[in-house]
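# Tertiary structure, described
This is what each chain is made of:
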2 protein chains.
Amino acid sequence: MIYSSELIKGTLKTIVLKLLADNKKMYGYEITQKVKELTLDKIQITEGALYPTLHALESDGLVTTETEFIGKRVRKYYSLSPSGKNKTKEKVSELADFMETMKFLLDIKTRTV
Amino acid sequence: MIYSSELIKGTLKTIVLKLLADNKKMYGYEITQKVKELTLDKIQITEGALYPTLHALESDGLVTTETEFIGKRVRKYYSLSPSGKNKTKEKVSELADFMETMKFLLDIKTRTV
DNA sequence: CAAAGATACATAAGAATCTAATGTATCTGA
DNA sequence: TCAGATACATTAGATTCTTATGTATCTTTG
């Protein structure tokens, strides 16, 4: 089972930030594979979604980049900047809070009018 | 604190379906107020988001409508159709599953390479 | 050793879904 | 009376994703 795409919307940035917080530095392709692995294939981040997100994080100053060559092939590593670390904490705790709220909403058994 | 809007994206349809499952029939404005109340103002559904969603649910055959007049003012009640009830179960359990996955993703403490 | 599949970057058109603004109209309480 | 709440609805624009495409290198396998 793969989650319907709408569910992923809005959480991608937080997922990426959190992965970077846990793994120090990662490159794009690695992120897609890591998410796929950690979620047992339930979340598959496409490159068309990931790269624009990474670029946005960079232009917002939340991540810094360094390029490395593996043979002739380029690899672009992303790391959290100090403000990126703060942002990560904010986004993660907001998402955790949101999930609590949603869990409550989904469990409610109220009067059937 | 109000959740950043991107978080709501993709969950609105599920929230509405679940509310209808619990409350038999509801009208649009009532839904906005109910969500606001149940989430202590953390989730505020705007009408610009809600009405198109309700109309989409209707044209998908997931809800049926009945109009009622309160004085001269019209009120449009929405109820789940049989397929809407099935859809609600699907969407709710998918979202619950998704939240488990996200919780795992957010809590992971892995090697710092 | 050729070809397929994996690795690795990137962009772009289009779809989906929300925000913010606007519109109309009625009801209620101070 | 008049502001605020109730109640419907639409629309322009923004955001963010999907799907497709492009380029190039590396690795594995028949």
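Quick caveat, the model's predicted, so the values are computed rather than measured. (Residues numbered from 1 in each chain as written. Chains lettered and ligands numbered in written order. Predicted model: local features only at pLDDT ≥ 70, side-chain atom pairs only at ≥ 80, totals over all residues. Heavy atoms only, no water.)

Neighbouring residues of DNA strand C: 22 residues in total, closest A:Tyr29, A:Arg73, A:Arg75, B:Lys72 and B:Arg73. Sugar and phosphate atoms constitute 71% of the interface atoms of DNA strand C, taking the interface as everything within 4 Å of the protein. Here a phosphate oxygen of DNA strand C and a side-chain polar atom of A:His55 are 3.3 Å apart. Take B:Thr46: an N or O atom from its side chain is 3.0 Å from a phosphate oxygen of DNA strand C. Among the elements of the structure, helix H3 (28-38), helix H4 (47-59) and strand E3 (73-80) of chain A together with helix H4 (47-59) of chain B are those that each provide at least two residues to the surface near DNA strand C. Classifying every residue of the surface near DNA strand C by side-chain character gives 6 nonpolar, 9 polar and 7 charged. (Near = heavy atom within 4 Å. Polar contact = N/O pair within 3.5 Å; in protein donor to acceptor, adjacent residues only side chain to side chain. Helix = DSSP H or I, 4+ residues; strand = E, 2+ residues; numbered from the N terminus. Nonpolar A, V, L, I, M, F, W, Y, C, P; charged D, E, K, R; others polar.)

So, about the side chain of A:Glu94. Looking at the secondary structure, you find A:Glu94 in helix H5 (residues 82-107). A:Lys91 is the oppositely charged side chain nearest to the buried, salt-bridge-free A:Glu94, at an N-O distance of 4.4 Å. Not counting chain neighbours up to four residues away, the residues in contact with A:Glu94 comprise B:Ile2, B:Tyr3, B:Ser4 and B:Leu7. (Buried < 20%, exposed > 50% of the residue type's maximum accessible area, 1.4 Å probe, protein only. Lys, Arg positive; Asp, Glu negative; His and termini not counted. Salt bridge = Lys/Arg side-chain N within 4 Å of Asp/Glu carboxyl O. Contact = heavy atoms within 4.5 Å.)

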